[in-house]
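Residue-level structure breakdown
What follows is each chain in one-letter form.
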Amino acid sequence: MKHIRLYLFATLFTLALGVSQAMAHTALCNCFDNGDGTVTCEGGFSDGSSAAGVAVTVVDAGGAELMKGAMDANSQYTFKKPDGKFTVKFTAGEGHEVAVQSDKIVQ
Amino acid sequence: MKRLITLLAATFLLALTVPAFAHFQMLYTPEMNKMGKLEFKLVFTHPAESGHVMKMDKPQEFFVINKEKKTDLLETIKPIKWTSATNSDEGFETTFSARGGDYMFVLVPTPYFEKSEESYIQQITKVITNGDAVPTDWDKPAGLKTEWVPLDRPYALYPGMTFRAVLLSDGKPVPDAEVEIEYMNYTPDMKKNAFAKKGNIEAPSDHFITMVHKTDANGVLTFTPPFAGWWGICALGAGPDKQFQDKELSQDAVIWIQATSPKK
């Protein structure tokens, strides 16, 4: 019985650790208008780790995919600004997705 | 006549006992958690009491570090006249366009000659902004003669959260150093280039205007901002340079932190 309790405690402890880690490690993405018809998005994580290689897609207002790429070694992705409203999706795995609407782009 | 002498003596004594509030090199922008256009005012003054503004000469250095890349900003600054409750004098302003990560702004002023003390003051000042919550440079030294290296992010503090920083001189921690901390009580008006006419708070006594602290045996300062706003932290004479133009020099390390209340 004592062993089971200990085991249960250890499992709960591990679970709690896992959960808190996922919470503490937030995916972040912001986009900037370069003023030359292009947009640069910068990704990252709240613990300072790099977003290099993270998938980025640009979709139009209807959700159709316009562009697809990945964050470069500097955790950046630059693309030609599409006409009309669009959304940039930064997908770093489940629970680590960020969507930036075109009206939220920093000028 | 005797009475007049007594009165004069009393006035003189009173004048002597008026506390000397701390000089602070301002490198002010209203919001540390911002991206896009940041406006800065560079003013050497006494921000806790909207006191005397001292004329700034063109700084020795002014730069920013973002993602380990250093950008010189010295040629971007323009002269302004800053007005406090007592006078107006020359400072500088600039604007900067910030993106992701930490932006560590560093100002190395030209030493200011304090006539009353026959000595120079140079407050090497650091302000770190971050708009997107991706930490990149805040905890790294900038290689300055003297500087504060934060152990807690200076732009992500609720009131009541503790801020710690290591004081370095020539890259080595400075134990037992004297530190002055002031609350920026008179909010800078970015359009008028002046302090607000009225303070945000009224200090219960002079002890709370310039607060005196010490670094510990490891050169670490621990300070908890009790309410929201800008707080200036200055280590007096911490730097290795003790003389400038054959006169005594106080080479100080300044860092500004901003405590922000949660949105309700």
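From a predicted model like this one, the values you see are computed outputs, not experimental measurements. Per chain, the residues get numbers from 1 upward, laid out in the order the sequence is written. Each chain gets a letter, beginning with A, and each ligand a number, beginning with 1, in the order they are written. Totals for whole chains, interfaces and linings use every residue, but because this is a predicted model, local features are given only for residues with pLDDT of at least 70 and side-chain atom pairs only at 80 or more, for both listing and counting. The side-chain values count all of the structure's non-hydrogen atoms but skip hydrogen atoms and water molecules.

1. Some thoughts on the overall build of chain A
Formally: A run of H or I in DSSP becomes a helix once it reaches four residues, and a run of E becomes a strand once it reaches two; helices and strands are each numbered from the N terminus. Here a residue-residue contact requires only that any non-hydrogen atoms of the pair lie within 4.5 Å. Shrake-Rupley sampling with a 1.4 Å probe provides the accessible areas, and residues are treated as covered by the protein chains on show and by no other component.
Tallying secondary structure elements over chain A gives 1 helix and 7 strands in all. Going residue by residue from the N terminus, the α and β elements of chain A occur as α-β-β-β-β-β-β-β. In chain A, 45% of the contacts between residues at least 6 apart in sequence involve partners at least 24 apart. For chain A, the exposed area adds up to about 6,800 Å²; of that, 59% sits on carbon and sulfur atoms.

2. Observations concerning the interface of chain A and chain B
Test applied: When two components associate, each loses some accessible surface as probed by a 1.4 Å sphere; the sum of these losses over both components is called the buried area. Within this document, salt bridges are pairs made up of a side-chain nitrogen of Lys or Arg and a carboxyl oxygen of Asp or Glu, the two lying within 4 Å of each other. Under the rule applied, a polar contact is a pair of N or O atoms within 3.5 Å (in protein, one hydrogen donor and one hydrogen acceptor; residues adjacent in sequence only if both atoms are side-chain atoms). Each residue receives one of three labels: charged for Asp, Glu, Lys and Arg, nonpolar for Ala, Val, Leu, Ile, Met, Phe, Trp, Tyr, Cys and Pro, and polar for the others, Gly being one of them.
Listed per partner, the contact involves 14 residues of chain A and 10 residues of chain B. Overall, the association of chain A and chain B removes approximately 900 Å² of surface from exposure, summing both partners, and the carbon and sulfur fraction of that is 53%. Three residues stand out in chain A for area buried against chain B, namely L28(A), F32(A) and E42(A), and they jointly supply 43% of the buried area on that side. The interface formed by chain A and chain B holds 1 salt bridge in total. Measuring nitrogen to oxygen at the nearest pair gives 2.7 Å for the salt bridge that ties K67(B) to E42(A). Our count for the chain A to chain B interface comes out at 3 residue pairs in polar contact (both at pLDDT 80 or more). Mapped by element, the contributors of at least two residues to the side of chain A that touches chain B are strand 1 (27–33) and strand 2 (38–45) of chain A. When the residues that make up the side of chain A that touches chain B are grouped by side-chain class, the tally is 4 nonpolar, 7 polar and 3 charged.

3. Notes on the sheet that holds strand 6 (residues 86–91) of chain A
Residue and element names in this part refer to chain A. Counted only if it meets this: Think of it this way: DSSP has to see at least two bridges between two strands before they count as a pair. Between the N-to-C directions of two axes lies an angle of 0 to 180 degrees, each axis being a line fitted to C-alpha atoms and, for a helix, fitted only over the stretch in contact.
Across the sheet, which stays open at both edges, the 4 strands sit in the order 4-3-6-7 with antiparallel pairing between neighbours. What marks the edges here is a single partner per strand, and that holds for strand 4 (65–70) and strand 7 (97–101). If you compare each strand with its neighbour and ignore which way they point, the axes differ by 15 degrees on average. As paired elements, strand 3 (residues 55–60) and strand 4 share 5 bridges and run antiparallel to each other. Residue pairing across strands places V58 opposite M67, the latter belonging to strand 4.

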